[in-house]
Amino acid sequence: MQRVAQTAIEAGKAYARLAGGDAAAGGDGAIGLLRRALLYLPAHDHRKVVKASTLDVDLICLDCEDAVAEARKPDARQAIPDILSSTNFGRSEVAVRINPVDTPHAWHDLEAVLGASTRPHTIVVPKVDTPEQMEWLYDAVQTLSPDSNTKPLHLITQVESAVGLHFLHDICQVGKDRGSAEDRRIIHDGLILGGDDFAASIRARRTPSNRELLLARQQTIVAAARFGLTAIDIVNIHYKQGLDLLEQEASEGAEMGFDGKQVIHPVQVPIVQAAYHPTPQQIDYARRLVDAFNAHSDAGTGAFEFEGTMVDMPTVRQHQQVLWMDNHLQAAAAQK
Ligand SMILES: CC(=O)SCCNC(=O)CCNC(=O)[C@H](O)C(C)(C)COP(=O)(O)OP(=O)(O)OC[C@H]1O[C@@H](n2cnc3c(N)ncnc32)[C@H](O)[C@@H]1OP(=O)(O)O
Ligand SMILES: CC(=O)C(=O)O
Ligand SMILES: [Mg+2]
């Protein structure tokens, strides 16, 4: 007899096991892996830091990379320790996006992050193109953070070029191999598709349909699923108009298998988070479907008719993910 989880919490654990991730253990508890919207802001822009701290957003990313002009890179880096120790970001996961590892800034950015008295939950590393760059990153963290018993730092890498997409599975493999049970200084648990840099890399023209990014979006999702990582979708830079298009794009990303989307302005946050939020109808349907599956399973039936459609295990697994998301949303709401 094959029974599946009936409660959202059980479903969450089952899903995390299926995904191969560590969310079953609760990650680092408070933040889990709820990453529906990732809001970027330039780290040296105090007003935006203050504004971000007032928002109900899953993930806040203090950017030292492309939102910051070359001449202001030191300002952004130097602002990080103070922001982290003096700002209450509420329930949000807090990340710092350092500069790419093949720039002279990366080492100094890492020094500032790892040396801060309050560390962020997560680092985002852009333009990771090769497994060797991933090795460099792990070596740098080991050197700058010699104590292997420190609280784990989550790592999200960005795929942003043809080369990065080609080597994506090798890059993820380095994260898996280096993040052993003995040394959990960094846990690679997310991928971001940097769609705008990627488009430039393949000489594509950006369109509202995003068809030029379809392959990269799907390959990012597939690699993330294989390695048990969260997958975060492209940014939409049209924050002043076309918010209906943003909603459509976010819903499409959720349907494709992404866990969340990058945003660049506060107005985009609720739209994107709602698009990744299962509706009460979807949650109710998922619960009833799982219950029906278990009843049929007890009676020795695998495939059965449910409200006019055929249901068997793959459909059940899809609906367990709805319950998993609902579980995480409830936990996040409880922390507000
Ligand atoms: C392709 C990539 O790499 S994307 C990632 C890198 N890019 C970024 O990080 C850019 C992030 N976004 C921004 O910097 C800004 O939204 C801009 C420059 C596009 C527009 O900024 P503004 O002209 O200040 O926007 P606007 O006037 O509409 O802002 C309204 C309020 O929201 C705040 N705000 C705007 N963007 C953000 C943000 N990303 N995070 C937090 N608060 C923000 C503003 O400070 C303002 O609040 P305030 O009046 O209390 O200061
Ligand atoms: C978000 C980002 O880094 C990109 O689209 O290139
Ligand atoms: Mg980029």
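Residues take numbers from 1 onward in each chain, read along the sequence in its written order. Here chains are named by letter from A upward and ligands by number from 1 upward, in the order in which they appear as written. Thresholds applied to this predicted model are a pLDDT of at least 70 for local features of residues and 80 or more for the giving and counting of side-chain atom pairs; totals over whole chains, interfaces and linings are not thresholded and use all residues. Computation of side-chain values covers all heavy atoms of the structure but excludes hydrogens and water.

Asks: Would you take a moment to explain the pattern of salt bridges for this structure?
Replies: Opposite charge on two side chains makes pairing possible when the charged atoms of those side chains draw close. Salt bridges are defined as contacts in which a side-chain nitrogen from Lys or Arg sits within 4 Å of a carboxyl oxygen from Asp or Glu. Overall, the coordinates contain 24 salt bridges when judged by the stated rule. Residue Asp56 pairs with Arg91 through a salt bridge whose shortest N-O separation is 2.7 Å. Of this pair, Asp56 sits in the loop between α2 (46-53) and β2 (59-63) while Arg91 sits in the loop between α3 (73-86) and β3 (93-97), and the two are 35 residues apart along the sequence. Between buried and exposed lies partly exposed: a residue is buried under 20% and exposed over 50% of the maximum accessible area for its type, with that area taken using a 1.4 Å probe on protein chains only. By relative accessible area, which is 35% here, Asp56 ends up partly exposed. Numbering of helices and strands starts at the N terminus; helices are DSSP runs of H or I of at least 4 residues and strands are runs of E of at least 2.

Asks: Just checking my understanding: could you explain the nonpolar core for this structure?
Replies: Nonpolar side chains tend to gather and get buried jointly when the protein is soluble and globular. What makes a nonpolar core is a set of buried Ala, Val, Leu, Ile, Met, Phe, Trp, Tyr and Cys residues whose side-chain atoms join them at distances within 4.5 Å. One finds Leu39, Leu62, Ile80, Leu110, Val125 and Leu155 to be the most contacted residues of the largest nonpolar core, which totals 68 residues. Segmentation of the chain into domains, including their bounds, is taken from an automatic or database domain assignment. A domain-level breakdown of this core finds at least three residues from each of domain 1 (1-27 + 278-336) and domain 2 (37-276). Apart from the residues lying within four places of it in its own chain, the contact partners of Val125 are Ile98, Val101, Leu137, Leu155, Ile156, Thr157 and Gln158. Core analysis: the next-biggest nonpolar cluster, separate from the first, contains twelve residues, Leu289, Ala292, Val311 and Val322 among them. Contacts between residues were defined by any pair of non-hydrogen atoms, one from each residue, lying within 4.5 Å.

Asks: Which parts of the structure should I look at to understand the site of ligand 1?
Replies: Of all residues adjacent to ligand 1, which total 14 residues, the nearest are Tyr40, Arg47, Arg97, Ile264 and His265. Within 3.5 Å is the distance limit for a polar contact, defined as a pair of N or O atoms, with the added protein rule that one can donate a hydrogen and the other accept it, and that residues adjacent in sequence qualify only through two side-chain atoms. One of the backbone nitrogen or oxygen atoms of Tyr40 is found 2.8 Å away from a nitrogen atom of ligand 1. Arg97 places a polar side-chain atom, nitrogen or oxygen, 3.1 Å from an oxygen atom of ligand 1. Using a 1.4 Å probe, the Shrake-Rupley method yields the accessible areas, and only the shown protein chains count as cover for residues. In isolation ligand 1 exposes 950 Å². Once the protein is present, 65% of that is buried. Elements that contribute at least two residues to the shell around ligand 1 include exactly β1 (37-42) and α2. The element that contributes the greatest number of residues to the shell around ligand 1 is β1, accounting for four residues. Among the residues making up the shell around ligand 1, the classes are represented as eight nonpolar, one polar and five charged. For this purpose, a residue is taken to be near a molecule or strand whenever a single non-hydrogen atom of the residue falls within 4 Å of it. Asp, Glu, Lys and Arg are counted as charged, while Ala, Val, Leu, Ile, Met, Phe, Trp, Tyr, Cys and Pro are counted as nonpolar; the rest, among them Gly, fall into the polar class.

Asks: Looking at this structure, I do not really get the packing of α3 against helix α4 (residues 105-115). What am I missing?
Replies: Any two packed helices are characterised by how steeply their axes cross, that is the angle between the axes, and by the distance between the axes. Following both chains from N to C, one finds α3 and α4 inclined at 20°, their axes separated by 8 Å at the closest point. Judged by the angle between their axes, α3 and α4 are roughly parallel. Judged by the twist between their axes, the crossing of α3 over α4 is right-handed. Contact residues: α3 offers Lys73, Arg77, Ile80 and Pro81, while α4 offers His105, His108, Asp109, Ala112 and Val113. For helices, the fitted line uses only the C-alpha atoms of the stretch in contact; every axis is such a line through C-alpha atoms, and the angle between N-to-C directions lies from 0 to 180 degrees. If an angle is under 35 degrees, it is roughly parallel; if it is over 145, roughly antiparallel; if it lies from 65 to 115, roughly perpendicular; otherwise it is oblique. Helix crossings get a hand from a simple test, with the near helix turned counterclockwise from the far one by less than a right angle marking a left-handed crossing and a clockwise turn marking a right-handed one.

Asks: Help me understand the UniProt feature "binding site: substrate" (unreviewed entry) in the protein chain in this model?
Replies: When the UniProt feature table is mapped onto this chain numbering, "binding site: substrate" (unreviewed entry) sits at Arg97 and Glu160. In summary, the annotated positions, though distributed over 64 residues, converge in three dimensions, the widest C-alpha pair being only 14.0 Å. Relative to the helices and strands, Arg97 is located in strand β3. Owing to a relative accessible area of 7%, Arg97 belongs among the buried residues under this scheme. Those residues within four positions of Arg97 in sequence are excluded, and the remaining contacts are Tyr40, Cys61, Leu62, Asp63, Cys64, Glu65, Asp66, Ala67, Val124, Pro126 and Gln158. Residue Glu160 is classed as buried on the basis of its relative accessible area of 5%. Contact partners of Glu160, with chain neighbours within four places excluded, come to Pro126, Lys127, Gly194, Asp197, Phe198 and Ser201. At a separation of 3.0 Å, a polar atom in the side chain of Glu160 contacts the main-chain amide nitrogen of Lys127. UniProt positions are given in the numbering used here, feature names are shortened, and annotations may be inferred rather than shown by experiment.

Asks: What exactly am I supposed to notice about the sheet that holds strand β8 (residues 260-263) here?
Replies: Within a sheet, adjacent strands bond to each other through the backbone by hydrogen bonds, running parallel or antiparallel. The parallel closed barrel is built from eight strands, whose spatial order is β1-β2-β3-β4-β5-β6-β7-β8. Recorded for the sheet is a direction-independent mean angle of 30° between the axes of neighbouring strands. Any two strands are treated as partners once DSSP identifies two or more bridges connecting them. Both β1 and β2 contribute to a ladder of five bridges, which runs parallel. Counterpart to Leu39 in the pairing with β2 is Ile60. Contacts from α2 reach β1 and β2 within the one sheet, and its direction differs from that of β1 by about 155°. Packing against the sheet, α3 makes contact with β2 and β3, and its axis sits at approximately 145° to β2.

Asks: Quick question: what am I supposed to make of the coordination of the magnesium ion (ligand 3) here?
Replies: Octahedral metals with six donors have ideal donor angles of 90 or 180 degrees. Tetrahedral metals with four donors have an ideal donor angle of 109.5 degrees. Within the protein, Glu160 (OE) and Asp197 (OD) serve as the donor atoms for the magnesium ion (ligand 3), at 2.1 Å. Highlighted residues: Glu160 in the loop between β5 (153-159) and α6 (162-166) and Asp197 in helix α8 (residues 195-201), separated in sequence by 37 residues. Classification of Asp197 by relative accessible area gives partly exposed; the value is 26%. Metal donors: N, O and S atoms at distances within 2.8 Å, or within 3.2 Å for Na, K and Ca, with water omitted from the atom set so that some sites may seem incomplete.

Asks: Quick question: what am I supposed to make of the confidence of the model for the protein chain here?
Replies: Regions with low pLDDT should not have their predicted coordinates read in detail. Put simply, the protein chain has an average pLDDT of 90, and 90% of its residues get 70 or more. Scored from 0 to 100, pLDDT reflects the predictor's confidence in each residue. A low-confidence stretch, residues 6-31 stays under pLDDT 50, and its non-local contacts, those more than four residues away or across chains, total 40 contacts. Per the prediction output, this complex has pTM 0.91; the corresponding ipTM is 0.99.

Asks: Would you explain the UniProt feature "domain: HpcH/HpaI aldolase/citrate lyase" (unreviewed entry) in the protein chain in this entry?
Replies: Under the feature "domain: HpcH/HpaI aldolase/citrate lyase" (unreviewed entry), the UniProt entry names residues 36-266. Annotated as residues 36-266, this span is 42% helix and 19% strand, and its ends, taken at the C-alpha atoms, are 14 Å apart.

Asks: Sorry, what's going on with the site of ligand 2 here?
Replies: By nearness alone, every residue bordering ligand 2 is listed as Tyr40, Arg97, Gln158, Glu160, Gly194, Gly195, Asp196, Asp197 and Gln262. The separation between an oxygen atom of ligand 2 and a polar side-chain atom of Gln158 is 3.1 Å. At a separation of 3.2 Å, an oxygen atom of ligand 2 approaches a polar backbone atom of Gly195. Its free accessible area being 210 Å², ligand 2 has 91% of it covered by the protein chains. The greatest single-element share of the shell around ligand 2, amounting to three residues, is contributed by α8. Of the residues in the shell around ligand 2, the class split is one nonpolar, four polar and four charged.

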